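Commentary on secondary and tertiary structure
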Amino acid sequence: MILNSPILEIKDLKASINENEILKNLNLKINKGEIHAIMGPNGSGKSTFSKVLAGHPAYEIISGDIIFKGSSIINLDPEERSHLGIFLAFQYPIEIPGVSNEDFLRLAYNSKQKFSNKPEVDPIEFFSIITKKLELVDMSPLFLSRNVNEGFSGGEKKRNEILQMILLDSELSILDETDSGLDIDALKIISNGINTFMNEEKAIILITHYQRLLDYVQPNYVHVMQEGKIIKTGTAELAKELEIKGYEWLK
């Protein structure tokens, strides 16, 4: 059962970077319990949309609003948005030399615990928490001693992003081309992690170029973005149509 409760509303959103307007009167409404896929050609504004949602400081909101759980978040810093329950999985996760995965993940977890007025956990307590999450993305506990994304394969980097999403128990997760560069085994592992994580209290935005991810993670809606706004919305069948026809027929 899908709960008809809006978790995110985008209202006439215009946003720019370096005075170049990218998002143009973008409108979108997402309810709890829904998975929305956003597709579109390169340069259509998909990744810009994800970064604006997360509060990236390089992007300027010209007009419009972003309503998350009933309140505007356009003036909140990325850290505040994260604490409220928004998570962005990066298209190109960065390496952080000298910082172990275990320390990075524990600090992120405790930061959210502190924001929620919950007790922080020590390294031993955290290890018992994170090892259960590691199973969902098929990663060994040995991974925790490695530096964040350093020397990781593309699949390991993407699994690390999904692990962070699961650990932080995000209410709205934006997955920016999480499927790019993955072989079929890694895609199945990541999809399983997403499906296991998803429930009626959460929502997910999948930004993707390809139909294949949507074979494993079934969206409630598929949106096509062009020139900074959504020009068509449909079911999962729309993604299959796009795979065959491309985007030209929508113009």
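Because the structure is a prediction, the values reported are computed rather than measured. (Residues numbered from 1 in each chain as written. Predicted model: local features only at pLDDT ≥ 70, side-chain atom pairs only at ≥ 80, totals over all residues. Heavy atoms only, no water.)

Leaving glycine aside, a negative phi is the common case for residues, and trans is the common case for peptide bonds. Phi is positive for N18, close to 50 degrees, though the residue is something other than glycine. Considering the arrangement of structural elements, one finds N18 in the loop between strand 1 (6-17) and strand 2 (20-31). (Helix = DSSP H or I, 4+ residues; strand = E, 2+ residues; numbered from the N terminus.)

Under the UniProt annotation, "domain: ABC transporter" (unreviewed entry) lies at residues 8-250. Taken as a whole, residues 8-250 contains 37% helix and 29% strand, while its terminal C-alpha atoms sit 26 Å from one another. (UniProt positions renumbered as here; feature names shortened; annotations may be inferred.)

This part is about the pattern of salt bridges. Under the definition given, this model contains 8 salt bridges. Salt-bridge contacts for E95 lead to K157; the nearest nitrogen and oxygen are separated by 3.9 Å. Taken together, the residues E95 in the loop between strand 6 (86-89) and strand 7 (96-100) and K157 in helix 5 (residues 154-168) connect sequence positions 62 residues apart. Residue class for E95 comes out partly exposed when judged on its relative accessible area of 40%. (Salt bridge = Lys/Arg side-chain N within 4 Å of Asp/Glu carboxyl O. Buried < 20%, exposed > 50% of the residue type's maximum accessible area, 1.4 Å probe, protein only.)

As a further point, take the sheet that holds strand 2. Taken together, 4 strands build an open sheet; the order of strands is 2-1-4-5 and the sheet is antiparallel. Here the strands that pair on one side only, and so sit at the sheet edges, are strand 2 and strand 5 (71-72). Pairing between strand 1 and strand 4 (residues 60-68): 7 bridges, direction antiparallel. Across the sheet, residue I10 finds its bridge partner in strand 4, namely I66. Packed onto the sheet, helix 1 (residues 46-54) meets strand 1, strand 2 and strand 4 and runs at close to 70 degrees relative to strand 2. (Pairing = 2+ DSSP bridges. Contact = heavy atoms within 4.5 Å. Axes fitted to C-alpha atoms, helices over the stretch in contact; angles between N-to-C directions.)

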